[in-house]
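Take a look at the letters that make up each chain.
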Amino acid sequence: MRVDPRRSRERMVREQVEAGGVRDEAVLTAMLDVPRHLFVEEALAAKAYTDSPLPIGEGQTISKPYIVARMTEMLQVKPDMKVLEIGTGSGYQSAVLACMGADVYSVERIRSLHIRARELLFELRMFNVWFKLDDGTMGWPEEAPFDRVIVTAGGPQIPQPLIDQLADNGRMVIPVGTDRGTQRLVLVEKIEGEVTFTDELGVRFVDLVGEHGW
Ligand code: SAH
């Protein structure tokens, strides 16, 4: 049976994203537009629109659609904002942010994933994404400050360089957990230089491996 990816995405957005309470129109539109099936391993393309995380190679995973949408909504991204992403992985989250008109700076530590994501986004003509192969717990100091920071791997604490590189009135969304079983998604806000932390929900991400991670 042939599946129409656009129809699959409409269903995904209705039954997983909107049903989960995500209302931000810009997020919903981006999730409808980005061809998620191109970002997962080819053998799993048929499962790309199901309500589950999926392998993307190198022992890494792409989050389920609802979590991508929820994190993106929490970020409150507006066109032309400068967004730092740690953990490029497949490039799916970068593509969603790029579709919302952000300038995305994405760091990945595994070379094969970094290269594949860069090639795929080029093929999709998403030119407002810049990629770097490096330890993302150090941020991207040459490009700082960032209006938004999104981290899609979890470590024991929030890397200080990422807090330092967040612009004033900036927002960061990051999974944090001292114990791998109880990771929490934390919203970090910097308002007039003062940093606040809000615990949002329980999550399970792959390890943030690096200087300020595991
Ligand atoms: N956002 C991705 C999913 C990322 S999975 C997507 O949409 O597909 C988490 C990724 O974080 C993995 O690719 C992993 O290699 C990467 N990662 C883990 N620690 C990192 C670090 N210190 N710096 C950069 N990338 C890191």
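Coordinates for the structure precede this section.
Residues numbered from 1 in each chain as written. Predicted model: local features only at pLDDT ≥ 70, side-chain atom pairs only at ≥ 80, totals over all residues. Heavy atoms only, no water.

1. Quick notes on the environment of Arg 148
Right, on to step 1. For Arg 148, the position within the fold is in strand 6 (residues 146-151).
Right, on to step 2. In sequence terms Arg 148 and Lys 82 are 66 residues apart; their C-alpha atoms lie 6.6 Å from each other.
Right, on to step 3. Each residue touching Arg 148, except ones within four places of it in the same chain, is listed here: Leu 75, Gln 76, Val 77, Met 81, Lys 82, Val 83, Leu 84, Leu 166, Asn 169, Gly 170 and Arg 171.
Right, on to step 4. Polar side-chain contacts of Arg 148 include one of 2.5 Å to the backbone oxygen of Leu 75. (Helix = DSSP H or I, 4+ residues; strand = E, 2+ residues; numbered from the N terminus. Contact = heavy atoms within 4.5 Å. Polar contact = N/O pair within 3.5 Å; in protein donor to acceptor, adjacent residues only side chain to side chain.)

2. Describing the pattern of salt bridges
Pairing of side chains with opposite charge becomes possible as their charged atoms draw close.
Right, on to step 1. Tallied over the entire structure, the rule returns nine salt bridges.
Right, on to step 2. Glu 15 is paired through a salt bridge with Arg 11; the nearest N and O atoms lie 3.3 Å apart. Remark: Arg 11 and Glu 15 occur in helix 1 (residues 5-18); sequence separation between them is four residues, near one turn of the helix.
Right, on to step 3. Residue classification places Glu 15 among the partly exposed positions, given a relative accessible area of 47%.
Right, on to step 4. The salt bridge partner of Asp 134 is Lys 132, with a shortest N-O separation of 3.4 Å.
Right, on to step 5. Residue Lys 132 is classed as buried on the basis of its relative accessible area of 18%.
Right, on to step 6. Look at the salt bridges and you will find they share partners, linking Arg 6, Glu 10 and Asp 33 into a network. (Salt bridge = Lys/Arg side-chain N within 4 Å of Asp/Glu carboxyl O. Buried < 20%, exposed > 50% of the residue type's maximum accessible area, 1.4 Å probe, protein only.)

3. Examining the side chain of Ser 106
Right, on to step 1. Position of Ser 106 relative to the elements: it lies in strand 4 (residues 103-108).
Right, on to step 2. Under the relative-accessibility criterion, Ser 106 is labelled buried at 0%.
Right, on to step 3. Separated by 2.7 Å, the side chains of Ser 106 and Glu 85 make a polar contact.
Right, on to step 4. A distance of 2.7 Å separates polar atoms of two side chains, one belonging to Ser 106 and the other to Thr 88.
Right, on to step 5. Residues contacting Ser 106, with those up to four places away along its chain left out, are Glu 85, Thr 88, Ser 94, Trp 130, Phe 131, Lys 132 and Trp 140.

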